[in-house]
Amino acid sequence: MIPLLRLENFSVSYGAVEAVHDVALDVNEGEIVTVIGPNGAGKTTLLCAAMGLLPAKGALSLSGERIARPSVEAMVARGVSLVPERRELFAEMSVEDNLLLGGFYRWRTGRRDQKARMDEVFQIFPRLRERRGQMASTLSGGERQMLAIGRALMARPRLLMLDEPSLGLAPLIVREVLQVVSSLRQHGVSVLLVEQNARAALQVADRGYVLEMGAVALTGAARDLLHDRRIIDTYLGIGTGVGNKAAQ
Ligand code: ATP
């Protein structure tokens, strides 16, 4: 099977400091893949470079096509969307207008299906339909994250890259947002999910990569990682659920 996204020998530097080192990562069609790891491990850097926002060494391919010089334009044109950690909504614009802007690239390239796209987004996030006329700045944290994801979906991506969608959200809302993320496969969207909340991410993902000091320390099926002794000790703790059971 040819993966939707393949990174090989992928390295990213800030000046003389290499923040991501020789990473190999695949996202297959229909998969939810998560990258977990501690603060400063290089997760955001990896995602930004994979979106073409930062220069990288190594190879990036989409559906087998090698992208020689990844740029945001090249990635968007090939059906990749990124939801950045800071969400970057247009605070003083309505929910509807934020969504329409997410569909701008499609509109500009002659695909005038924004109404239908918005209906699909409202089916995925019914709460956004109720709040369609409301200013983005007045939304709750969870609703803002939904809007940021909804806006990215307006571009009809094949691959959605999410940077810490759980950041700053209450546990119940994290679960709600991530459950929607995992349902995106049914809409033909594959997901690369960067998360510090390892447990929540591994519960919705198919496969996971553990990034430590810029390198892949461990990779495998998400359910195996959830029960891996090293992951439990380092990232999941013994407070609840899986950690508890494994610790007995
Ligand atoms: P977090 O979960 O805290 O966001 P992360 O795993 O996403 O962490 P990165 O933000 O990718 O990690 O950072 C990886 C390393 O690169 C860190 O050591 C960080 O200090 C460094 N770094 C990040 N951005 C820059 C930058 N613009 N200039 C220089 N170094 C940077």
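As the structure is a computational prediction, the values presented were derived from the model and not from experiment.

Visitor: Give a description of helix α3 (residues 95–102) that names residues and reports values.
Guide: Side chains of residues three or four places apart in an α-helix project in the same direction, reflecting 3.6 residues per turn. Taken together, the buried positions of α3 are V95, N98, L99 and G102. Each buried residue of α3 lies within a common arc of 100 degrees when the element is viewed along its axis, so the set occupies one face. Looking at the buried side of α3, the elements it contacts are α4 (104–108), α5 (114–124), α6 (126–130) and α7 (141–153).

Visitor: Which residues make up the sheet that holds strand β6 (residues 80–83), and what values do they have?
Guide: The sheet built from six strands is open, its strands ordered β6-β7-β8-β3-β9-β10 with mixed pairing. Strands with a single pairing partner mark the edges of an open sheet, and in this sheet they are β6 and β10 (215–221). Taken pair by pair, the neighbouring strands of this sheet meet at an average axis angle of 15 degrees, ignoring direction. Strand direction decides the pairing type here: strand β9 (residues 207–212) and β10, joined by six bridges, are antiparallel. Counted as the bridge partner of Y209 is T219 from β10. Against the sheet, helix α1 (residues 43–50) engages β3 (32–36), β6, β7 (159–163), β8 (190–195) and β9, with an angle of about 150 degrees to β7.

Visitor: Give a detailed account of the sheet that holds strand β5 (residues 65–66), specifying residues and quantitative values.
Guide: The strand order across the open sheet formed by four strands is β2-β1-β4-β5, and the pairing between neighbours is antiparallel. Strands at the two margins of the open sheet, each flanked by one partner only, are β2 (17–27) and β5. Two strands pair when backbone bridges link them, and strand β1 (residues 5–14) and β2 are joined in this way by seven bridges, in the antiparallel orientation. Paired with V12 across the two strands is V20, which belongs to β2. In the packing of α1 onto the sheet, contacts are made with β1, β2 and β4 (57–62), and the angle to β1 comes to roughly 115 degrees.

Visitor: Can you lay out the packing of α3 against α7 for me, pointing to particular residues and giving the numbers?
Guide: Packing of α3 against α7 brings their axes to within 7 Å, and their N-to-C directions diverge by 35 degrees. Relative to α7, α3 is oriented so that their crossing is right-handed. Contacts from V95, N98, L99 and G102 in α3 reach L147, G150 and R151 in α7. In terms of residue class, the contact of α3 with α7 is built from three nonpolar, three polar and one charged.

Visitor: An account of the pattern of salt bridges is requested, with residue identities and associated values reported.
Guide: Opposite charge on two side chains lets them pair, provided their charged atoms get close. Using the criterion set out here, one finds 14 salt bridges in the structure. For D26, the salt bridge is made with R6, and the minimal N-O distance between the two is 2.7 Å. Pair noted here: D26 is in strand β2 and R6 is in strand β1, with a separation of 20 residues, a long-range link. For the salt bridge of D206 with R185, the shortest nitrogen-to-oxygen distance reads 2.6 Å. Here D206, found in the loop between α9 (198–204) and β9, pairs with R185, found in the loop between α8 (171–183) and β8; they are 21 residues apart in sequence, far enough to count as distant. Classification of D206 as partly exposed rests on a relative accessible area of 29%. A single salt-bridge network, built from bridges that share partners, covers R127, E130, R131, E143 and E176.

Visitor: So what about the site of the ligand? Which residues, and what values?
Guide: The environment of the ligand is formed by 13 residues, the closest being N39, G40, K43, T44 and T45. The separation between an oxygen atom of the ligand and a polar side-chain atom of K43 is 2.8 Å. With the chains in place, 56% of the 630 Å² that the ligand exposes on its own is no longer accessible. For the shell around the ligand, the leading source of residues is α1, giving three residues. Taken together, the residues of the shell around the ligand sort by class into four nonpolar, six polar and three charged.

Visitor: Go over the environment of V189 with me, naming the residues and quoting the values.
Guide: Looking at the secondary structure, you find V189 in the loop between α8 and β8. Residues V189 and L160, 29 residues apart in the sequence, show an inter-C-alpha distance of 6.7 Å. In this view, V189 contacts L153, P157, R158, L160 and L184; residues no more than four positions away in its chain are not counted.

The rules we used
Residues numbered from 1 in each chain as written. Predicted model: local features only at pLDDT ≥ 70, side-chain atom pairs only at ≥ 80, totals over all residues. Heavy atoms only, no water. Buried < 20%, exposed > 50% of the residue type's maximum accessible area, 1.4 Å probe, protein only. Helix = DSSP H or I, 4+ residues; strand = E, 2+ residues; numbered from the N terminus. Arc of directions from axis to C-beta. Contact = heavy atoms within 4.5 Å. Pairing = 2+ DSSP bridges. Axes fitted to C-alpha atoms, helices over the stretch in contact; angles between N-to-C directions. Left-handed = near helix turned anticlockwise from the far one by under 90°. Nonpolar A, V, L, I, M, F, W, Y, C, P; charged D, E, K, R; others polar. Salt bridge = Lys/Arg side-chain N within 4 Å of Asp/Glu carboxyl O. Near = heavy atom within 4 Å. Polar contact = N/O pair within 3.5 Å; in protein donor to acceptor, adjacent residues only side chain to side chain. Areas by Shrake-Rupley, 256 points an atom, 1.4 Å probe, with all protein chains shown as cover.

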